[in-house]
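# Structural overview
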Amino acid sequence: MERVLMKGTEACAEAAIKAGCRYFFGYPITPQNEVASYMSKRMPEVGGVYLQGESELASINMVMGASAAGARAMTSSSSPGISLMQEGISYMVGCQLPGVIVNFVRGGPGLGGIGPAQSDYLQATKGGGHGDYNLVVLGPSSIQELVDLMKDAFEIADRYRNPVLILADGIIGQMMEAVQFKFEIDPTTLPDKTWALDGAKGRTKRLINSLDLVPERLEQHNWNLQAKFAQAAETELRWEEFLLDDAETVLVCFGTVARIAKKAIENARQKGIKVGMIRPISLWPFPQAPFQKFMAGAKRFLVVEMNAGQMLQDVRLAVCCQRPIRFSGKPGGTTFNPEMIEKLIWDLEEEGSK
Amino acid sequence: MSTQTYRPLYQRPKSLSPVRNSYCPGCHHGIIHRLLAELIDELQIQERSVIVAPVGCSVLAYNFFEIDAIQAAHGRAPAVATGIKRVHPEMVVITYQGDGDLAAIGTAEIVHAANRGERITTVFVNNANFGMTGGQMAPTTLIGQKTETTPEGRDPLRNGFPIRVAEMIASLTGPVYVARVAVYTPPLVAKARNSMKKALLAQIEGRGFGFVEILSTCPTNWGLTPVQATKWLEENMVPYYPLAEFVGGPQT
Amino acid sequence: MTYELLCAGFGGQGVMLMGQLLAYAATIEGKETTFFQSYGPEMRGGTANCQVVISNTPISSPVLSSPQVVIVMNRPSFEKYEPMVHSGGILFVNSSLIDLVSQRADIETHYIPASQIAQEIGNTLVANLVMTGAYVERLHPIASESIEAVLKKTLTGRKEQYLALNLEAFKRGAAVITKTKEQTT
Ligand SMILES: Cc1ncc(C[n+]2csc(CCOP(=O)(O)OP(=O)(O)O)c2C)c(N)n1
Ligand code: SF4
């Protein structure tokens, strides 16, 4: 199969098309602008629609409309734009509409900067908008993984009738790697959505709605949603175990940082340090199982993130005070390099042997 | 009893659901719903129409029409409608919005949908206040008009001036039909029906965006009886909001 | 074997292109590669940089701590990146625009008059290919034929008129290294 060198943003767009998405709505923001330019070129070629919304607010609501009409639809943005989309995402959850949202996270808060960051982890994994809900959140750490996860994202979204969020960062968006597209889905072959709005012809009318003014019924609706989230929490777990078998120091990183950490771990291992890494790929649901699996051998955990300590909260829940946890963060758009992470590993090692 | 059948002169349109609506006595939302349902029947588009309900008193519009429906976030109906229409260009997509929904929180969405010339139809109900939340000032509230949030009357120095939305939409190049109508007398109802039909036809024929602003009463929040409310509308709203076809009328 | 490279220079000197060219060539050779560029306003006028990794095995970090090899195309880039070259690494300096000499004894340095050579053959814009030629000739992370193949694949249509110039620039850069090799042996 042909490998092509592509920028993360463009690979993301192509993967969406190959996953059967024919409707893209978005509003420009760095560092994800190439998704839009790529889509504007490619969508007409495949009979799809690219439409630039007047804002992220409009864009996510266009996604909601297209999804209600039965199509695979998506948008992508970066942090400030994703904040604006929270309203629409919450409505989509309430209306039980699928859809894929990609966030190439940049440093915040406010306008922040355009450097790569992971500081939207909590917003992404703990709901983000109003109401009791979760999105399945996937955190790729290479462009190939981003491509593969795009397909999964559309499938998961359809399966649960719930939006899925891809939490990438500026590095994944802006770097280039050779990728393969191992799938090509013709959207006309996808199963019919029996709830979609396509005209009440030969059937009773359909309604897509998040409003219910009867609290008891709304409660029941919420429990139905919760049942879906519980199902997803069991089924959609994904993680990578990296050199964990004899690991005494266990790093926990996701996305780009995990990649940088791998190099640090390889280097430290060459010098005889027993270190490995748990890399959550599904950030919601958060994989707890590998923590229990390697707890016995682990002496300490080290969480490294490009934020001020967000996934750290989930790691604390997973480790449940059984081992000490160290954290090192970089909020605001700066990056770690392998040397910095290796130094963190050495520091812990020396402390441990004291 | 005779088995002879009678020719119905007046009946519930097929597209209007046989349920009690939620509007106050004397509120024009009910009349406007009926007109829309009649037109859906007349144009034979019941099986390919979808209504995008707003947030406002007409939030439950999805219960009152026998067509597919979706309920949008406050102000976002035109964006949701855009998404549906782009997927199903053959469908007739209608947004139904109040003046808080369309002219305050959703100004950007309506202006840009209109400007893109989306093949959708917007029914805009201007009752000069926020009905659902208890009668607060809307962008369309008249100068001097007392509302829950303008107890001394709307002061333009503090709150700006009422927006003439139809004229604003008409200033764009995208729309192919823009009119302002009212429904407080039978002849006006007939005219309003005609305008709504033109706005729907603009979409059905694939020509472009159609927009009908309908001056409407809110007796409950205006603190008036239905009859007084009609009079108030005629005396205060009509002079400021002229009834006219701004785009796509006979003279243009 | 893993090759790490950082290229830096003014926006407009074709620094990104240099990195992309190498990444493309690696891709057609079936190798693993990552290309990561600085992005945003930085690219407008200031110094821009990109980092390229080429390897036979999966690449962990696309971000380099201290690159083995650095190419600097202008003076600010020399000042910023010369100290960062990994000990035992290699530095390529565009000596036409940089009148500084590295004081580091622990690295190998090549002074390539890239802009001047580019001018001699017709266009200063191909200084990046002169540098690429020197780099590929010195390290062989990929075959020169692959660079030629990529140039032929990408410079088509209206850009085809620049193909010969680019190929020539690449060869001239390589020749500088061959000559030094001959002199030292
Ligand atoms: C984001 C958001 N802000 C505020 C509200 C509360 N709200 C509900 S309806 C409404 C105003 C509706 O007024 P209008 O559009 O004029 O419709 P009417 O009720 O008069 O028909 C407001 C402010 C909301 N639902 N969502
Ligand atoms: S509050 Fe006003 S707008 Fe709402 S239903 Fe009653 S009269 Fe109509």
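Just so it is clear, the model here is predicted, and its values are computed rather than measured.

Residue and element names in this part refer to chain B. In the vicinity of ligand 1, 16 residues are found, and the nearest of them are Cys57, Asp99, Gly100, Asp101 and Gly131. A distance of 2.3 Å separates an oxygen atom of ligand 1 from a polar side-chain atom of aspartate 99. One of the backbone nitrogen or oxygen atoms of asparagine 129 is found 3.1 Å away from an oxygen atom of ligand 1. Protein coverage of the free-state accessible area of ligand 1, which is 590 Å², stands at 76%. Looking at the shell around ligand 1 element by element, the count peaks at four residues for helix α4 (residues 99-105). In terms of residue class, the shell around ligand 1 is built from five nonpolar, nine polar and two charged.

Mapped onto the elements, glutamine 46 of chain B comes out in the loop between α1 (29-42) and β1 (49-53). Given the relative accessible area of 17%, glutamine 46 of chain B is considered buried. The spacing of glutamine 46 of chain B and valine 92 of chain B is 46 residues in sequence and 8.9 Å in space, taken between C-alpha atoms. Aside from chain neighbours lying at most four places away, what touches glutamine 46 of chain B is Ala200 of chain A together with Lys14, Ser15, Ile40, Glu66 and Ile67 of chain B. From its side chain, glutamine 46 of chain B meets the backbone oxygen of glutamate 66 of chain B in a polar contact 3.2 Å long.

Residue and element names in this part refer to chain C. As a packed pair, helix α1 (residues 15-28) and helix α4 (residues 127-139) sit with axes 9 Å apart at the nearest point and diverge in direction by 40°. One element, α1, and the other, α4, form an angle in the oblique class. Crossing handedness for the pair α1 and α4: right-handed. Note on element contacts: α4 touches α1 through Asn128, Leu129, Met131, Thr132, Tyr135 and Val136, opposite Leu17, Met18, Leu21 and Leu22. Along the lines of polarity and charge, the residues of the contact of α1 with α4 split into eight nonpolar, two polar and no charged.

Judged by nonpolar contacts, the single largest core of 151 residues is most densely connected at Met150 and Leu251 of chain A. Residue contributions to this core peak at 10 residues, all from helix α6 (residues 143-160) of chain A. When residues of this core are assigned to domains, at least three fall in each of domain 1 (4-235) and domain 2 (239-353) of chain A. Ignoring any residue separated from it by four or fewer positions in sequence, one finds methionine 150 of chain A in contact with Cys12, Ala15, Ala16, Ala19, Met74, Val100, Val102 and Ile166 of chain A. If you look at the next biggest cluster of nonpolar residues, it comprises 48 residues, including Cys50, Ile54, Leu139 and Ala169 of chain C.

So, how was this worked out
- All chains use their own residue numbering, which begins from 1 and follows the written sequence.
- By the order in which they are written, chains take letters starting at A while ligands take numbers starting at 1.
- Local features are withheld for residues below a pLDDT of 70 in this predicted model, meaning they are given only at 70 or higher, and side-chain atom pairs are given and counted only at 80 or more; totals for whole chains, interfaces and linings count all residues.
- Each side-chain value is derived from all of the structure's non-hydrogen atoms; neither hydrogens nor water enter the calculation.
- For each residue, the test is whether any non-hydrogen atom lies within 4 Å of the molecule or strand; if one does, the residue is near.
- Polar contacts here mean pairs of N or O atoms no more than 3.5 Å apart (in protein, one a potential hydrogen donor and the other a potential acceptor; neighbouring residues in sequence count only if both atoms are side-chain atoms).
- Note that accessible areas follow from Shrake-Rupley with a 1.4 Å probe, and for residues the cover is restricted to the protein chains shown.
- Each helix corresponds to a stretch of at least 4 residues labelled H or I by DSSP, and each strand to a stretch of at least 2 residues labelled E; elements are numbered beginning at the N terminus.
- Three classes are used: nonpolar for Ala, Val, Leu, Ile, Met, Phe, Trp, Tyr, Cys and Pro, charged for Asp, Glu, Lys and Arg, and polar for all others, with Gly counted as polar.
- When accessible area is computed with a 1.4 Å probe and restricted to protein chains, residues below 20% of their type maximum are described as buried, those above 50% as exposed, and intermediate ones as partly exposed.
- Contacts between residues were defined by any pair of non-hydrogen atoms, one from each residue, lying within 4.5 Å.
- Every axis in this analysis is a line fitted to C-alpha atoms, fitted for helices over the stretch in contact. Angles between the N-to-C directions lie between 0 and 180 degrees.
- Our angle categories are set so that under 35 degrees counts as roughly parallel, over 145 as roughly antiparallel, 65 to 115 as roughly perpendicular, and the remainder as oblique.
- Here a crossing is taken to be left-handed if its near helix is turned anticlockwise relative to the far helix by less than a right angle, and right-handed if that turn runs clockwise.
- Throughout, nonpolar core names a set of buried Ala, Val, Leu, Ile, Met, Phe, Trp, Tyr and Cys residues whose side chains join them through atoms within 4.5 Å.
- As annotated, the domain borders come from an automatic or database domain assignment.

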